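Overview (structure and organization)
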Amino acid sequence: MKQALFRWFDSDVGHSFRTSPMAILAASIAAICVFCAVFAGFVAPHNPFDLTTLELSDARKPPAWAAEGSSKYLLGTDDQGRDILSALMYGARISLVVGVVSVLLSMLIGVGLGLLAGFRGGWIDAFLMRLCDVMLSFPAILVALLIAGVGRAMFPNAHDTVAFGVLIVAITLTGWVQYARTVRGSTLVERNKEYVQAARVTGVAPLRIMFRHVMPNVMGPVLVLATIHVATAIITEATLSFLGVGVPPTSPSLGTLIRVGNDYLFSGEWWITVWPGVMLVLIALSVNLLGDWLRDALNPRLR
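Criteria and cut-off values
- Residues numbered from 1 in each chain as written.
- Predicted model: local features only at pLDDT ≥ 70, side-chain atom pairs only at ≥ 80, totals over all residues.
- Heavy atoms only, no water.
- Helix = DSSP H or I, 4+ residues; strand = E, 2+ residues; numbered from the N terminus.
- Buried < 20%, exposed > 50% of the residue type's maximum accessible area, 1.4 Å probe, protein only.
- Phe/Tyr/Trp six-rings, centres within 6.5 Å; stacked < 30°, edge-to-face > 60°.
- Contact = heavy atoms within 4.5 Å.
- Core = buried A, V, L, I, M, F, W, Y, C linked by side-chain atoms within 4.5 Å.
- Axes fitted to C-alpha atoms, helices over the stretch in contact; angles between N-to-C directions.
- Parallel < 35°, antiparallel > 145°, perpendicular 65-115°, else oblique.
- Left-handed = near helix turned anticlockwise from the far one by under 90°.
- Nonpolar A, V, L, I, M, F, W, Y, C, P; charged D, E, K, R; others polar.
- Polar contact = N/O pair within 3.5 Å; in protein donor to acceptor, adjacent residues only side chain to side chain.

What follows covers the overall build of the protein chain. Scanning the protein chain for helices and strands turns up twelve helices and zero strands. Each helix and strand of the protein chain, placed in order from N terminus to C terminus, yields the pattern α-α-α-α-α-α-α-α-α-α-α-α. Reported as C-alpha extents along the three principal axes, the dimensions of the protein chain are approximately 75 × 50 × 30 Å. For the protein chain, the residues scored as buried account for 42% of the 303 residues in total.

Laid out in structure tokens, this is it:
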């Protein structure tokens, strides 16, 4: 593990990372956010979901540096007396889980269909690309909103796990298209190269050629796209939660916290919605900056 890390630092990508202050800053912010989200149970000063510890008398307290603030709640409290700082950590965990899982599923579907379309061609390629055109003709947020709404209508009394599943499926079905089109274009180039022709001549099965030989050579653009798509998926989840069809209120994500705080924005309790918004911007911006750096680092023309 240590040797692999040293080899990565000595590689061209590692050198590009070390010499890019923006990449280091973005990676540091993303690492802090992920660490606080994953270890929220140990890092957070309070458990915002433990109803026995909530005090309604502490509701809507301003941040600690304000006149009526309390050092017990550094960023203030929401309408139920929950510590905003702790709610941000737990809410970011939910947003990151939904975003990462939906991106992984989108990659699985998109890469598989893109390889199939680009390698086989013919009517399979035509059908899958026309399906991609249909999906791209509708705004992704509207498709996700429709799927999430239908899922909630079909399972009105569903458990929270089902609600999370519906949300992940909604984001996945709107995100696989970019991977399929990207992989299909790269596969069309790779399938005519000499190493693929040599594998065919030696009798290697088409599926083995696709996944053993072609797929490793088309994953560079996919990794860049996946990095940027994580931020897009998190924002989509926040949008759906803000509209009321995302994660359940009992397990609020950053989008749910922003929606709750929006009701108090014009009454003076700005901190209830501003801090979740800042957290969402930091996560999305840092991941996008990492994606931009990775795109440049993997581009041989820019080395």
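With that out of the way, let us pick up the packing of aromatic side chains. Ring pairs (aromatic) are described by centroid distance and by the angle formed between their planes. As enumerated under the stated definition, the model contains five aromatic pairs in all. Residues Phe17 and Trp293 carry aromatic rings whose centres are separated by 5.4 Å and whose planes lie at 70° to one another, so their mutual orientation is edge-to-face. Here Phe17, found in helix α2 (residues 12-18), pairs with Trp293, found in helix α12 (residues 271-297); they are 276 residues apart in sequence, far enough to count as distant. The class of Trp293 is buried, set by a relative accessible area of 14%. With 5.9 Å between their ring centres and 85° between their planes, Trp270 and Trp271 make a pair best called edge-to-face. With relative accessibility at 6%, the residue Trp271 sits in the buried group. Joined through ring pairs, the aromatic side chains of Trp65, Trp270, Trp271 and Trp275 make up one cluster.

The next point concerns helix α11 (residues 254-262). For α11, a buried count of seven out of nine residues is recorded, marking the element as mostly surrounded by other parts of the structure. All buried positions along α11 are accounted for by Leu254, Gly255, Thr256, Leu257, Ile258, Val260 and Gly261. Summarising the contacts, the buried residues of α11 are in contact with α5 (84-120), α10 (206-242) and α12.

Here the focus is the nonpolar core. Grouped together as the largest cluster of nonpolar side chains are 52 residues, with contacts concentrated most on Leu88, Leu254 and Ile283. Looking at this core, the elements that each hand over two or more residues are α3 (21-38), α5, α7 (140-154), α8 (160-190), α9 (194-201), α10, α11 and α12. Setting aside chain neighbours within four positions, we find Leu88 in contact with Leu75, Leu254, Leu257, Trp275, Pro276 and Met279. The next biggest cluster of nonpolar side chains, apart from the first, holds eight residues, and it includes Ala117, Leu128, Val177 and Ala180.

Turning our attention to the packing of α3 against α12. Taken N-terminus to C-terminus, the directions of α3 and α12 make an angle of 135°; their axes are 8 Å apart at the nearest point. Considered as vectors, α3 and α12 are oriented oblique to each other. Seen from above, α3 lies across α12 with left-handed handedness. Residues Met22, Ala23, Ala26, Ala27, Ile29, Ala30 and Cys33 of α3 pack against Met279, Leu282, Ile283, Ser286, Leu289, Leu290 and Trp293 of α12. Classifying every residue of the contact of α3 with α12 gives 13 nonpolar, one polar and no charged.

Within the secondary structure layout, Ser286 lies in helix α12. In this structure the side chain of Ser286 is engaged in a polar contact, spanning 2.8 Å, whose partner is the backbone oxygen of Leu282. In this structure, Ser286 is in contact with Ala26, Ile29 and Ala30, ignoring residues within four places of it in sequence.

Phi is positive for Arg60, which is not a glycine, with a value near 60°. Among the structural elements, Arg60 can be located in the loop between α4 (40-43) and α5.

What follows concerns the environment of Arg191. Topologically, Arg191 is positioned in the loop between α8 and α9. Given the relative accessible area of 22%, Arg191 is considered partly exposed. Along the sequence, Arg191 and Leu223 sit 32 residues apart, while their C-alpha atoms lie 20 Å from each other.

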